[in-house]
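Examination of the molecular architecture
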Amino acid sequence: MSSDGVIGVTGVTGVTAPRVPLRSLLFVPGGRTGWLPKAEAAGADAAILDLEDAVPEDGKAAAREAVAAAVDRAAGTPGPMRLLVRINALDRAAGWQGADDLRAVARPGLYGIVLPKVSGPEDVTTADRLLAWCEREHGLPEGHFALLPLLETARGLREAYAIGRAAARIAHLGAVAAPGGDVERAVGYRWSPEGEETRELRARVLLDARAADRPHPVAGLWADVADLAGLRRFAEQNRALGYEGMAVIHPSHVPVVNEVFSPSAEELARCRRLIAAVERAQAEGAGAVRFEGRMVDEAMAATARRTLARHGGD
C-alpha cells in the first residue's frame, strides 16, 4: 500500500490497476452527462453514469453515445473524480444490450463498470472477459478497468464471496439496499428508516467481500433526498460495519457521506499518539502499554498506521 492509500488488487487470476477508497459514488442519469460538473463540484469521489434504470428504453441508444463522449472528455481532461458507468445487464434474452454498452464506454477515461443484476460468479466472468478484450483493443494494461458488481438478487447476495473471487478487477463489492428496489423485492424485507432489517445482510456481504480480498467495499442507498440526518445515521451504521463508502443519489448527500467516511483531525492525531506510545513501549521491551485508558499493542498500532496511510498523509 502506498502513502496515499492506493492498493494494488490481486485476485484469483490476473493483475489490476491500483484502486483507491471511494467514499461517495454519485449516480448521474446517462442522459444527463451535463450534470457531471455538479457531481464534481459536490466533491464526489466517483460519478456513476447510469445507462440502466435511469434511462427509458427509447432513450438508451442516445444515452450510450452521450456517455461514451463523456468518457472521452474525461480521458482528455482527467480530474480527481473517477468515472464509472452502470451498463444494462449482460443478458442474452435482452439482446446483449449490456455488452454493447460495455464495448461503447470501456475506453480511456473510464475508471470502471457497474454491473447490475449479478446472480453469480459466471456473470462476473463474462464481464471480466469482455473488459479484458476492451483493454487489449485500446492498448490499456490488464486490469485497467475496475468492476463493481451489484448484488440485486437473493442468489447474488448469498454468493457474494464467490462473486468477489471471480475476478481480480473487483474492488468495491458490497450490499446496496434501498426501499422499494430490486433487493427489497428479492429478499422481501420491509424497509425502515433505521435500516435494521438489512443490517445483518449488509454485515454478511461485508464479511464476504473482506474474505474475498476485495479492498474497498461500498454500501448504499439512502433514497430520501431531503433527510440528511437520516442519511448520516445510515452512513454511520455502514461505516461501523466496515464499509468504506456509499453510493448516493443526490449531490447534497455527497458532503455528508464524505465526512462520515473520513476520519476527523482528532482521530488522526490519536492514531499518531497511539503509534508513538506503542513504539516507546516496544523500545523498552514491552509488548503492550496502557494508552488513554485502554491497553494497546502492535495490532492496534498497525490499524492506526493503515488509517494514516489512507487519510493522514503519513
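My aim in this report is to walk through the structure given alongside it, one point at a time. Numbering of residues starts from 1 in every chain and runs along the sequence as written. Since the coordinates come from a predicted model, pLDDT governs what is reported: local features require at least 70, and pairs of side-chain atoms require 80 or more to be given and counted, while whole-chain, interface and lining totals use all residues. Side-chain metrics rest on all non-hydrogen atoms present in the structure, leaving aside hydrogens and water.

Let's shift gears to the side chain of Thr33. Each helix corresponds to a stretch of at least 4 residues labelled H or I by DSSP, and each strand to a stretch of at least 2 residues labelled E; elements are numbered beginning at the N terminus. Mapping Thr33 onto the fold places it in the loop between β3 (24-29) and α1 (36-42). Residues within four places of Thr33 in sequence aside, it is in contact with Leu49, Ala66, Val67, Ala70 and Arg73. Contacts are residue-level and defined by heavy atoms, with any inter-residue pair within 4.5 Å sufficient.

To continue, consider the pattern of salt bridges. The rule for a salt bridge is simple: a side-chain nitrogen of Lys or Arg has to be within 4 Å of a carboxyl oxygen of Asp or Glu. This model, assessed by the stated rule, comprises 26 salt bridges. For Arg86, the salt bridge goes to Asp50, with nearest N and O atoms at 2.7 Å. Here Arg86 is found in strand β5 (residues 82-86), whereas its partner Asp50 is found in strand β4 (residues 46-50), with 36 residues between them in sequence. Of the two residues examined, Arg86 and Asp50, each falls in the buried class. One salt bridge in this structure joins Arg185 and Asp182, with 2.5 Å as the shortest N-O distance. Highlighted residues: Arg185 and Asp182, both in helix α7 (residues 182-187), separated by three residues, approximately one helical turn. Here the salt bridges share partners, and the residues they tie into one network are Asp50, Glu52, Asp53, Arg86, Lys117, Glu152, Asp182 and Arg185. Between buried and exposed lies partly exposed: a residue is buried under 20% and exposed over 50% of the maximum accessible area for its type, with that area taken using a 1.4 Å probe on protein chains only.

In terms of residue burial, β4 counts as a mostly covered element, since five of its five residues are buried. Side-chain alternation along β4 places Ala46, Ile48 and Asp50 on one buried face and Ala47 and Leu49 on a second face that is also buried. The pairing of β3 with β4 spans five bridges and is parallel. Residue pairing for β4: Leu26 is matched across the bridge by Ala47. In this fold, the crossover linking β3 to β4 by way of α1 has right-handed handedness. A strand pair is defined by DSSP finding two or more bridges across the two strands. Whether a crossover is right-handed depends on one test, that the path from the first strand over the helix to the second runs clockwise when the strands point away from the viewer.

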